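Analysis of the macromolecular model
Each chain is listed here by its residues.
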Amino acid sequence: MKAVFIADAHLRGAESAGYQTLVLFLNRLRGGAGMSDGPDGERTEFGQAGNGFTPERLTIDSLFIAGDFFDFWFARKGKIYPGFTTAIECLVRLKNQGVAISFCEGNHDFFLRDYFSVSLGMNVIPDSVVLDLDGLRVFLSHGDTVDVENRSYLRLRRLLRSGSFYRLQRRLPLSMLWRLARLSAEVSKGLTAGAQDALVKKMEAFSMGKFEEGCDAVILGHCHKPLLKEFVIGGRRKIFATLGDWIVHYSYLHYDG
């Protein structure tokens with residue numbers, strides 16, 4: 001089994017930080033060979049990203065996106081925000097090459113099922129999942145529900161994911177939703193370094209509970225900080241990973257057997 005895990009690209013459109021870097025990375029995964037469709041349909045080679053990041057070429061069986069791939073998400077009847085087209089084309093190309101693609105919904109992108117599961121045949125995970133990777137039990141989630149002390153956020157999360165809110169957003173013009181979502185994304189602020197460190201500590205404590213339940217690894221997004229730690233518990237090797245982001249770190253987790 002060969003897999004890649006990524007999270008927190010927070011894509012807003014081609015102008016967003018890391019967008020072209022992420023496109024370059026996706027196109028160098030299995031079968032992409034670093035190629036992307038040019039504006040006139042020709043194939044053009046992405047070289048090195050503007051930040052100097054040049055990803056290796058990886059052959060994978062599965063791609064797991066652990067939430068907040070988009071900074072906002074609303075789609076209807078196959079209509080998506082135009083700025084997301086290139087990134088989604090990369091995912092479709094990978095799927096057509098036999099790569100299984102799974103989305104964990106994040107706190108910025110949910111209601112993904114209608115488009116990615118129903119229309120594109122990708123797997124959408126609303127909350128969390130325990131994967132079987134070569135006999136290893138791997139807990140995967142975006143990670144925004146780990147901090148159970150943040151009750152105000154958890155209440156807001158339940159509201160935004162409720163059937164009532166789903167029906168409300170379906171009644172609003174899609175262009176209005178896109179404008180409101182972009183405005184919200186512009187005024188929202190990311191986690192400070194101190195808040196990231198505090199959240200990682202809570203995530204590590206959470207992972208210990210999952211290890212006691214029999215999981216071999218816990219993989220989370222949300223905190224925007226890349227971290228990989230190993231433990232030996234009860235004579236078994238355990239892995240705790242947070243995936244970082246595609247805004248500052250351009251980080252990913254590569255599993256190869």
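So, here is what we can say about the structure in this document. (Residues numbered from 1 in each chain as written. Predicted model: local features only at pLDDT ≥ 70, side-chain atom pairs only at ≥ 80, totals over all residues. Heavy atoms only, no water.)

Focus on the nonpolar core
Condition: Residues enter a nonpolar core if they are buried and are Ala, Val, Leu, Ile, Met, Phe, Trp, Tyr or Cys, with the set joined through side-chain atoms within 4.5 Å. Buried residues are those whose accessible area, probed at 1.4 Å on protein chains only, stays under 20% of the maximum for their type, while exposed residues exceed 50% and partly exposed ones sit between those limits. Only DSSP runs of H or I with at least four residues qualify as helices, and only runs of E with at least two residues qualify as strands; both kinds are numbered from the N terminus onward. We call two residues in contact whenever any of their non-hydrogen atoms come within 4.5 Å of each other.
By size, the foremost hydrophobic cluster in this structure holds 37 residues, and its most contacted members are Leu26, Leu63, Phe69, Trp73, Phe103 and Phe116. Of all the secondary-structure elements, those providing two or more residues to this core are β1 (2-6), α1 (19-27), β4 (62-65), α2 (85-96), β5 (100-104) and α3 (113-119). When near neighbours in sequence (up to four residues on either side) are disregarded, Phe103 contacts Ile65, Phe69, Phe70, Leu91, Leu112, Phe116, Met122, Asn123, Val124 and Ile125.

Considering the side chain of Glu204
Short version of the rule: For the purposes of these results, a polar contact is taken to be a pair of N or O atoms within 3.5 Å, where, inside protein, one atom must be able to donate a hydrogen and its partner to accept one; residues adjacent in sequence count only when each atom of the pair is a side-chain atom.
With respect to the helices and strands, Glu204 occurs in helix α7 (residues 193-212). You can call Glu204 buried: its relative accessible area is 19%. A distance of 3.2 Å separates polar atoms of two side chains, one belonging to Glu204 and the other to Lys229. When sequence neighbours within four positions are dropped, the list of residues in contact with Glu204 reads Lys229, Phe231 and Phe240.

Concerning α2
Our working rule: One less than the number of residues in a helix, times 1.5 Å, gives the span that helix is expected to have.
Over its twelve residues, α2 runs 16 Å from end to end, which matches the ideal 16 Å to within 8%, given 1.5 Å per residue. Among all positions of α2, only Ala87, Ile88, Cys90, Leu91, Arg93 and Leu94 are buried.

Re the sheet that holds strand β10 (residues 226-233)
Short version of the rule: One requirement defines pairing of two strands: DSSP has to find at least two bridges between them. The axes used here are C-alpha line fits, helices contributing only the stretch in contact, and every angle between their N-to-C directions lies in the interval 0 to 180 degrees.
Overall, mixed pairing links the five strands, which are arranged β7-β8-β9-β11-β10 in an open sheet. In the strand order of this sheet, the two ends are held by β7 (128-133) and β10, each with one partner. Taken over all neighbouring pairs, the strand axes of this sheet differ in orientation by 15° on average, direction set aside. Taken together, the six bridges between β7 and strand β8 (residues 136-141) define a ladder with antiparallel strand orientation. Looking across to β8, one finds that Ser128 is bridged to Ser141.

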